[in-house]
Amino acid sequence: DEQELMAGFEATIERHDRIEPRDWMPEGYRRTVVRQVAQHAHSEIIGMQPEGNWITRAPSLRRKAILLAKVQDEAGHGLYLYSACETSGVSRDELTEMLIGGRQKYSSIFNYPTLTYADVGTIGWLVDGAAICNQVPLCRTSYGPYGRAMIRVCKEESFHQRQGYELLATMMRGTDEQRAMVQESVDRFWWPALMMFGPPDDDSPNTAQSMAWGIKRNTNDDLRQRMVDMTVPQAEALGVTLPDPELRWNEERQAHDFGTPDWDEFKDVISGNGPCNAQRLEHRRRAWEDGAWVREAATVFARRTEADREA
Ligand code: 3HC
């Protein structure tokens, strides 16, 4: 009966074991997994747009090849995550319709424009850096398909972060204009990168339950702190300053104190009023509609091949 099933589920979570698609799970657990994994998948796919903007404008063939590989990786991450999400009973078509209809979210960070080429490096260094802080613990998330997808994603994210850092380090060894371009880019992306981790824990309606279910292994504020502590020495090595006058090492806490992100801006962006929300969704909708004929042809072909096989 339901009590025994719940006891079995809770024991699995207690043991830090995986919940698999065919296991019994409370409806709220399934809904949270769908919400988070779908949002993560949407983030990967929408995240291709800001960077894709610079593929035709990359300054060298080498930089173009690296950026092309990274954007293709993001597409692959999106497909892994949509597949992980489909194991909990929703189809990719439904998920895409919910994204385009504004009924599901994607990461706030991709609603900011990529105005200069330095942004390509900053996204690698800070956005993929934040993604690594957030995704390494997710390799141990309690939902099996999601955790296994994360293991492969994290390996590729490390390449993304390294190439971004190396791009910025190269520019910092260049001209004054290039150094100024890097600093201006970091000034624009630093706070939005910290907002990627979500609202403060005491303003997060989902964190406590997601921690109890082992979907999240760390809270939003824990991971944000980890990101700050990881990034400060890298910024020093690069020779850029992080735009936060309150940023300083706290010997007692053995961590950096830092300022407060603009949570009103965050709320604005995640409710659809960021600088690029409309453009990102319009681009995704157009790609989805333009690709309909390919999906239809592939489906008919698969059905016909199946019929021939059975004939
Ligand atoms: N962007 C958009 N929405 C956000 C957000 C963000 N950065 N942070 C929080 N939210 C939303 C939540 O979805 C929730 O709204 P909802 O209930 O309508 O879904 C609300 O704000 C309250 O936030 P909570 O902290 O209570 O919500 P969660 O428990 O879902 O935590 C999260 C939010 C920390 C982003 C969590 O969902 C998570 O860890 N997701 C997986 C990681 C992820 O999505 N990363 C995307 C990064 S981009 C990327 O990886 C691409 C890179 O390779 C370039």
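Everything that follows concerns the structure shown earlier in this document.
Thresholds applied
Residues numbered from 1 in each chain as written. Predicted model: local features only at pLDDT ≥ 70, side-chain atom pairs only at ≥ 80, totals over all residues. Heavy atoms only, no water. Axes fitted to C-alpha atoms, helices over the stretch in contact; angles between N-to-C directions. Helix = DSSP H or I, 4+ residues; strand = E, 2+ residues; numbered from the N terminus. Parallel < 35°, antiparallel > 145°, perpendicular 65-115°, else oblique. Left-handed = near helix turned anticlockwise from the far one by under 90°. Contact = heavy atoms within 4.5 Å. Nonpolar A, V, L, I, M, F, W, Y, C, P; charged D, E, K, R; others polar. Polar contact = N/O pair within 3.5 Å; in protein donor to acceptor, adjacent residues only side chain to side chain. Near = heavy atom within 4 Å. Areas by Shrake-Rupley, 256 points an atom, 1.4 Å probe, with all protein chains shown as cover. Buried < 20%, exposed > 50% of the residue type's maximum accessible area, 1.4 Å probe, protein only. Salt bridge = Lys/Arg side-chain N within 4 Å of Asp/Glu carboxyl O. Core = buried A, V, L, I, M, F, W, Y, C linked by side-chain atoms within 4.5 Å.

## Here we look at the packing of helix H4 (residues 61–86) against helix H6 (residues 118–138)
Item 1. Interhelical geometry of H4 versus H6 gives an angle of 40° and a closest axis separation of 12 Å. One element, H4, and the other, H6, form an angle in the oblique class. Here H4 and H6 pass one another in a crossing that is left-handed. Residues Leu67, Lys70 and Glu74 of H4 touch H6, and the partners they reach there are Val120, Ile123, Gly124 and Asp128.
Item 2. Partitioned by chemical class, the residues of the contact of H4 with H6 number three nonpolar, one polar and three charged.

## Description of the side chain of Thr207
Item 1. Topologically, Thr207 is positioned in helix H9 (residues 207–212).
Item 2. Within polar-contact distance, the side chain of Thr207 engages the side chain of Ser204 at 2.5 Å.
Item 3. Sequence-distant contacts of Thr207, that is, excluding residues within four places in its chain, are made with Lys216, Thr219 and Asn220.

## Regarding the site of the ligand
Item 1. What surrounds the ligand is a group of 33 residues, the closest being Lys105, Ser108, Glu157, Ser204 and Asn220.
Item 2. Between the ligand and the protein, one listed contact pairs a nitrogen atom with a backbone N or O atom of Ser108 at 2.8 Å.
Item 3. About the coverage of the ligand: the protein hides 91% of its 1000 Å² of free accessible area.

## Side note on unusual backbone geometry
The phi angle of most residues is negative, glycine excepted, and most peptide bonds adopt the trans form.
Item 1. Even without being a glycine, His16 presents a positive backbone phi close to 60°.
Item 2. The topology assignment puts His16 in the loop between helix H1 (2–14) and helix H2 (27–46).
Item 3. What makes His16 exposed here is its relative accessible area of 56%.

## Points about the pattern of salt bridges
Item 1. Counted by the stated rule, this structure contains 20 salt bridges.
Item 2. Salt-bridge contacts for Asp17 lead to Arg15; the nearest nitrogen and oxygen are separated by 2.9 Å.
Item 3. The salt bridge partner of Arg309 is Glu306, with a shortest N-O separation of 3.2 Å. Within this pair, Arg309 and its partner Glu306 are both found in helix H13 (residues 292–310), separated by three residues, close to a single helical turn.
Item 4. What you see here is one network of salt bridges that share partners, running through Glu51, Lys70, Glu74 and Asp128.

## What to know about the environment of Ala212
Item 1. As for its position among the elements, Ala212 is in helix H9.
Item 2. Given a relative accessible area of 54%, Ala212 falls into the exposed group.
Item 3. In this structure, the C-alpha to C-alpha distance between Ala212 and Asp23, residues 189 residues apart in sequence, is 18 Å.

## Some details on the packing of H6 against helix H7 (residues 144–172)
Item 1. Contact geometry of H6 with H7 gives a least axis separation of 7 Å together with a crossing angle of 150°. Relative to H7, the element H6 lies roughly antiparallel. For the crossing formed where H6 meets H7, the hand is left-handed.
Item 2. In the contact of H6 with H7, the residues fall into 15 nonpolar, 11 polar and two charged.

## Some words on the nonpolar core
Proteins that are soluble and globular tend to have nonpolar side chains buried together.
Item 1. Ranked by size, the top nonpolar core spans 45 residues in total, and within it Trp125, Val182, Leu238 and Val240 carry the most contacts.
Item 2. Elements supplying a minimum of two residues to this core: H4, H6, H7, helix H8 (176–195), helix H10 (220–238) and helix H11 (263–273).
Item 3. In this structure Leu238 touches Trp125, Tyr165, Leu168, Ala169 and Met172, once residues within four positions along its chain are discounted.
Item 4. Membership of the second largest hydrophobic core comes to 28 residues, among which are Tyr29, Leu81, Leu95 and Tyr143.

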